[in-house]
Amino acid sequence: MKNFSFILLLAVFAACKQKPKPAVEETRTSGSVKMLVDESFSEVLASQIEVFKTDYPDSKFTVTEGNEQQIIPTFLNDSVRVIILSRMLTADEDKIYRSRSIVPKTSRFGIDGIALITGKNEPDTNITVNEVIEMMKGNAADGKQLVFDNAYSSTLRYFKDLAGIKTLPARGVYTLKTNNDVIKYVADHKGFIGVVGVNWLIANKDSMSVYLTKVKPMGVKNLKGKKGDNAYYKPTQANLIDGIYPFLRNIYIIDAEGRNGLGTGFATWLVSPRGQLIVLKSGLGPHKMASRDFNFKNTN
């Protein structure tokens, strides 16, 4: 009888143990969402997700990082419906989702800069936008050369658009694999100017400290008639917020879930005061500055 009771107890225990957990309700703050992220913004997004999950522990994020040209096709073939990019969808890309009766929702939540870095001992500390354009066209006057993270990055696409070119010149513009590769290369080779996202420099300042001490950011002067054409500006947070640093780019979240789920809730949270404060603390420019209210006590 004792053996029978013991076996019965084990059976009940096993049944309880195998009982499936109740599914988490899919809402704006709970459930799961898959996201594609331009690797240039992986660090700032990771900070946002960490805080969001602290506020809403029933939320689950599955993030896939990659370069822009790598993740866009995945987004358009409907495998993943939320994406972080440095640009909005083109008209043709937008049509693909609208043909499925889904209207993609785009929200800007941050402002990033693209820094030009050079060796610490290089004599040149400033450069003009026009000089960079000429370098992209293969017309560098002083033999300087540009080096980018990789051939499919949003950073390189930004400068190709700026210069109005489709292909890179045979000489003077080179690509590696990652932003960290760019920093290391410029630190160890003379005559090169590295092109790196500001948020990447900030996020990796500790792990790349040995190399970052060997490079310096350049001041950039904008084209005549554009904001920032009166002086050379470095990619500081204040200059990103003021919009006077020439090489600015927005950070967007594009939600094509087509429902009121976690992707929509996270997109809304990113532009909320809490989400914007995290952007500000990351060293980037927020989409909007939170107003400050002051309470004055009447001492009379």
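Bear in mind that the values here come from a model prediction, so they are computed numbers and not experimental data.

> Tell me about the overall build of the protein, and name the residues and values.
Tallying secondary structure elements over the protein gives twelve helices and twelve strands in all. Looking at the protein residue by residue over its 300 residues, the buried ones come to 45%. Of the contacts formed within the protein by residues at least 6 apart in sequence, a portion of 73% connects residues at least 24 apart.

> Mind laying out the pattern of salt bridges, listing which residues take part and the relevant values?
Taken as a whole and assessed by the stated rule, the structure comprises 13 salt bridges. Here Lys-144 ties to Asp-124 by a salt bridge, and the two come within 4.0 Å at their closest N and O atoms. Linking Lys-144 in the loop between α5 (129-136) and β6 (145-148) with Asp-124 in the loop between β4 (105-119) and β5 (126-128), this pair joins segments that are 20 residues apart in sequence. One connected set of salt bridges, linked through shared partners, spans Glu-68, Arg-87, Glu-93, Arg-157 and Asp-161.

> Hey, could you go over the nonpolar core for me, with residue numbers and the actual values?
Core analysis: the largest hydrophobic core is formed by 62 residues, its most contacted members being Leu-116, Phe-159, Phe-247 and Phe-266. For Phe-159, the contacting residues outside a window of four places in its chain are Ile-114, Leu-116, Val-132, Met-136, Phe-148, Val-195 and Phe-247. If you look at the next biggest cluster of nonpolar residues, it comprises 13 residues, including Leu-36, Ile-71, Val-80 and Ile-83.

> Residues and numbers for the environment of Ile-253, please.
As for its position among the elements, Ile-253 is in strand β11 (residues 248-255). Overall, Ile-253 belongs to the buried group, its relative accessible area being 0%. Placed 15 residues apart in sequence, Ile-253 and Thr-268 show a C-alpha to C-alpha distance of 9.7 Å. If we ignore the near neighbours within four places in the chain, the residues touching Ile-253 are Met-35, Val-82, Ile-83, Ile-84, Lys-105, Thr-106, Ser-107, Phe-109, Phe-266, Ala-267 and Leu-270.

> Which residues make up helix α11 (residues 262-270), and what values do they have?
α11 sits mainly inside the fold: eight of its nine residues count as buried. Here α11 has its buried residues at Leu-262, Gly-263, Thr-264, Gly-265, Phe-266, Ala-267, Trp-269 and Leu-270.

> Please give an account of the side chain of Asn-179 that cites residues and values.
With respect to the secondary-structure elements, Asn-179 resides in helix α7 (residues 179-188). A relative accessible area of 4% means that Asn-179 is categorised as buried.

> Explain unusual backbone geometry to me, using residue names and the numbers behind them.
Within the chain, Asp-78 stands out as a residue other than glycine whose phi angle is a positive 75°. Note that Asp-78 resides in the loop between α3 (68-76) and β3 (82-85).

> An account of the environment of Leu-89 is requested, with residue identities and associated values reported.
Along the polypeptide, Leu-89 turns up in the loop between β3 and α4 (91-98). Looking at Leu-89, the relative accessible area reads 15%, which means it is buried. Taking the C-alpha atoms as reference, Leu-89 lies 8.5 Å from Thr-106; in sequence the two are 17 residues apart. Other than its neighbours up to four places away in sequence, Leu-89 contacts Phe-75, Asp-94, Pro-104 and Ile-254.

> Outline the packing of α5 against helix α6 (residues 154-163), listing residues and values.
Angle between the axes and distance between the axes: these two values describe a pair of packed helices. At a minimum axis separation of 9 Å, α5 and α6 run at an interaxial angle of 100°. Comparing their axes, α6 and α5 come out roughly perpendicular. Contact with α5, carried on its side by Val-129, Val-132, Ile-133 and Met-136, involves Leu-156, Phe-159, Lys-160, Leu-162 and Ala-163 of α6 and no other residues of that element. Tallied by class, the residues present in the contact of α5 with α6 amount to eight nonpolar, no polar and one charged.

> So what's going on with α5? Which residues, and what values?
Side chains of residues three or four places apart in an α-helix project in the same direction, reflecting 3.6 residues per turn. Turning to α5, its buried residues are Val-129, Val-132, Ile-133, Met-135 and Met-136. Angularly, the buried residues of α5 cover 160° about the axis, an arc narrow enough to put them on a single face. Directly after α5, the chain includes Gly-138, whose backbone phi takes a positive value near 85°.

> So, the pairing of strand β2 (residues 59-66): which residues are in play, and what are the values?
As paired elements, strand β1 (residues 31-38) and β2 share eight bridges and run parallel to each other. Paired with Val-37 across the two strands is Glu-65, which belongs to β2. Since β1 and β2 lie parallel, the crossover through helix α2 (residues 42-55) that links them has a hand, and here it is right-handed.

> Quick rundown of the confidence of the model for the protein? Include the residues and the values.
Per-residue pLDDT for the protein has a mean of 89; in total, 88% of the residues score no lower than 70. The least confident element of the protein, judged by mean pLDDT, is helix α1 (residues 2-18) at 51; the most confident is strand β10 (residues 219-221) at 98.

> Can you break down the pairing of strand β8 (residues 192-197) residue by residue, with the values?
Judged by how many residues are buried, β8 sits mostly within the fold: six of six residues are covered. Residues Phe-192, Gly-194 and Val-196 of β8 are buried on one face, and the alternating residues Ile-193, Val-195 and Gly-197, pointing to the opposite face, are buried as well. As paired elements, β4 and β8 share four bridges and run antiparallel to each other. By the bridge assignment, Leu-116 is partnered in β8 with Val-195. Relative to β8, β6 runs parallel, the two sharing three bridges. What sits directly across from Gln-145, in β8, is Phe-192.

Conventions and cut-offs
Positions within a chain are numbered from 1, following the residues in the order the chain's sequence is written. Residue-level local features of this predicted model are given only where pLDDT is at least 70; pairs of side-chain atoms are given and counted only at 80 or more, and the full residue set underlies all totals for whole chains, interfaces and linings. Computation of side-chain values: all heavy atoms of the structure, hydrogens and water removed. By definition, any uninterrupted DSSP run of H or I lasting at least four residues is a helix, any uninterrupted run of E lasting at least two residues is a strand, and each is numbered from the N terminus. Exposure is judged per residue with a 1.4 Å probe applied to protein chains only, and the accessible area is read against the type maximum: over 50% gives exposed, under 20% gives buried, and values in between give partly exposed. The contact criterion used is simple: two residues touch if any of their non-hydrogen atoms lie within 4.5 Å. A pair is scored as a salt bridge if a Lys or Arg side-chain nitrogen falls within 4 Å of a carboxyl oxygen belonging to Asp or Glu. To qualify as a nonpolar core, a set must consist of buried Ala, Val, Leu, Ile, Met, Phe, Trp, Tyr and Cys residues joined through side-chain atoms within 4.5 Å. To obtain each axis, a line is fitted to C-alpha atoms, and for helices this fit is confined to the stretch in contact; angles are then taken between N-to-C directions over 0 to 180 degrees. When describing relative orientation, an angle under 35 degrees is termed roughly parallel and one over 145 degrees roughly antiparallel, while 65 to 115 degrees is termed roughly perpendicular and anything else oblique. Side-chain classes follow a simple rule in which Ala, Val, Leu, Ile, Met, Phe, Trp, Tyr, Cys and Pro form the nonpolar group, Asp, Glu, Lys and Arg form the charged group, and the remainder, Gly included, forms the polar group. To be clear, the arc concerns the directions from the helix axis to the C-beta atoms. For two strands to pair, DSSP has to find at least two bridges joining them. Handedness rule for crossovers: strands pointing away from the viewer, path from the first strand over the helix to the second running clockwise, crossover right-handed. Confidence of the predictor in every single residue is expressed as pLDDT, which spans 0 to 100.

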